[in-house]
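Take a look at the letters that make up each chain.
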Amino acid sequence: MKYLSPLLLITCLAAASAQAAEPTAPGDCITLSADQQLVRNRADRDVLLRNGAQHYLVRFERSCSSAAMSPKLAFVTPGREGQLCGAGASKLRTNAQSCAISAVDPITAEEFTRKARARQ
């Protein structure tokens, strides 16, 4: 019984750190949360995404001028519902365009706030 508790603790810590891991490669995906904030002011090449407690700079492969103006935005990843991936696997759908996502770069909460303020 003494060995079970430390082993259980190590297993729980490993699982928690795996869930909190940020994507590092362009093809990695993140699971989208219902708690999101999308900053798209002056969005042409990228948007800022707060996904729960995680923050990202979502970059487009090409210009996506309609991202700043479209009343409806949705991240779409064929075959991976609820996921957002880089390397062109996901797209941001607007009323006028479908913009391929080149990268989903993790940023800090402070970077997110600073970049969001700069876009106002």
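That block above? That's the structure.
Summarised in this report is the structure supplied together with it.

### A look at the overall build of the protein chain
- A count of helices and strands for the protein chain gives two helices and eight strands.
- In the protein chain, the order of α-helices and β-strands from amino to carboxyl end is α-β-β-β-β-β-β-β-β-α.
- Taken over 120 residues, the protein chain has a buried fraction of 32%.
- Counted over contacts in the protein chain with a minimum sequence separation of 6, partners at least 24 positions apart contribute 53%.
- For the protein chain, the accessible area works out to roughly 7500 Å², and carbon and sulfur atoms hold 55% of it.

### Focus: the pattern of salt bridges
- In total, this model carries three salt bridges according to the counting rule given.
- Here Arg59 makes a salt bridge to Asp105, at a shortest N to O gap of 2.6 Å. Pair noted here: Arg59 is in strand β4 (residues 54-60) and Asp105 is in strand β8 (residues 98-107), with a separation of 46 residues, a long-range link.
- You can call Arg59 partly exposed: its relative accessible area is 36%.

Parameters and conventions
Residues numbered from 1 in each chain as written. Predicted model: local features only at pLDDT ≥ 70, side-chain atom pairs only at ≥ 80, totals over all residues. Heavy atoms only, no water. Helix = DSSP H or I, 4+ residues; strand = E, 2+ residues; numbered from the N terminus. Buried < 20%, exposed > 50% of the residue type's maximum accessible area, 1.4 Å probe, protein only. Contact = heavy atoms within 4.5 Å. Areas by Shrake-Rupley, 256 points an atom, 1.4 Å probe, with all protein chains shown as cover. Salt bridge = Lys/Arg side-chain N within 4 Å of Asp/Glu carboxyl O.

Interpretation note: all reported values are geometric properties and have no functional meaning in isolation.
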